[in-house]
Amino acid sequence: TRRVMKNYMKILVFTLSLMFVSCQEQLTKVEDTTSFEKRTPIGVRDSARKQPIDSIKRRIPIESVLPCLNLSKEQMDKIKFILKESRTCEMECKLKLKTTMESLRKQQAEKLFEYKGLEKDSLVRQRIESIKKEYAKLAKETQLVFQINMKKCNETTLSLIEGLLTEEQLGIWTKWKLTGQLPCERKKP
């Protein structure tokens, strides 16, 4: 039972560490995994064949839409500042999530440590299970708060930018918000 508990804790720590790694973007390193892929031809009944990759629509980022708006220098400077503040807001949210989750994991580990080495009768198992359920509930609540805060950062950014736009610019901006696609022709260099 001691071995099972150690394995469980290893799995828990690994899973939670994956959750935090996914929030951090690694822009400098691109790993080539093509040598590990199994090359199998796509069959008639495969789902990849039914929906071509071109049909998947991705939202164009705000920075790509700005040239379509024909912004004045003053507007552009203010929007750059707003976007910088938005990134700061998002980083603060991610940092708060990370520290809160680390604290929760530490508290759980301390509580579980009390039962280390004890014979695992039904009462001890119930207490351990209760600790795990409590941790899962708190982790879920923390994730929900994180999502709400990230949404607030995004909504604030969008509303501040919209407050700077003229009616014509706002029409172009709204088109982008509704479709997620570039509302003007790309300018070729």
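Up top you'll find the structure we're talking about.
So, a few notes on the structure that sits alongside this text. No experiment lies behind these values; they were computed from the predicted model shown.

**Remarks on the state of the cysteines**
Per the counting criterion, the structure on display carries one disulfide. Two residues, C89 and C153, share a disulfide whose sulfurs are 1.7 Å apart. Between C89 and C153, the S-S dihedral sits near -65 degrees, and the bridge is therefore left-handed. You can see C89 sitting in helix α4 (residues 73-113) and its partner C153 sitting in helix α5 (residues 122-164), a full 64 residues away along the chain. Judged by its relative accessible area of 26%, C89 is partly exposed. In this structure C93 is not part of a disulfide, and its nearest cysteine sulfur, from C153, lies 3.9 Å away. The exposure class of C93 is buried, given its relative accessible area of 12%.

**Describing unusual backbone geometry**
The bulk of non-glycine residues show a negative phi, and the bulk of peptide bonds are trans. Positive phi outside glycine occurs at N70, with the angle close to 50 degrees. Assignment of secondary structure puts N70 in the loop between α3 (62-65) and α4.

**Points about helix α6 (residues 167-179)**
The end-to-end C-alpha separation of α6 is 18 Å, in line with the 18 Å expected for 13 residues at 1.5 Å each. Among all positions of α6, only Q169, W173 and W176 are buried. Viewed along the axis of α6, the buried residues span an arc of 55 degrees, placing them on a single side of the element. Pointing more than 90 degrees away from the buried face of α6 are the exposed residues E167, E168 and L178. Considering only its buried residues, α6 is in contact with α3, α4 and α5. Looking one or two residues past α6, G180 carries a phi angle of roughly 80 degrees, positive in sign.

Parameters and conventions
- Residues numbered from 1 in each chain as written.
- Predicted model: local features only at pLDDT ≥ 70, side-chain atom pairs only at ≥ 80, totals over all residues.
- Heavy atoms only, no water.
- Disulfide = S-S within 2.5 Å.
- Helix = DSSP H or I, 4+ residues; strand = E, 2+ residues; numbered from the N terminus.
- Buried < 20%, exposed > 50% of the residue type's maximum accessible area, 1.4 Å probe, protein only.
- Expected span 1.5 Å × (residues − 1).
- Arc of directions from axis to C-beta.
- Contact = heavy atoms within 4.5 Å.

Fair warning: the whole summary comes from geometry, so function is off the table for now.
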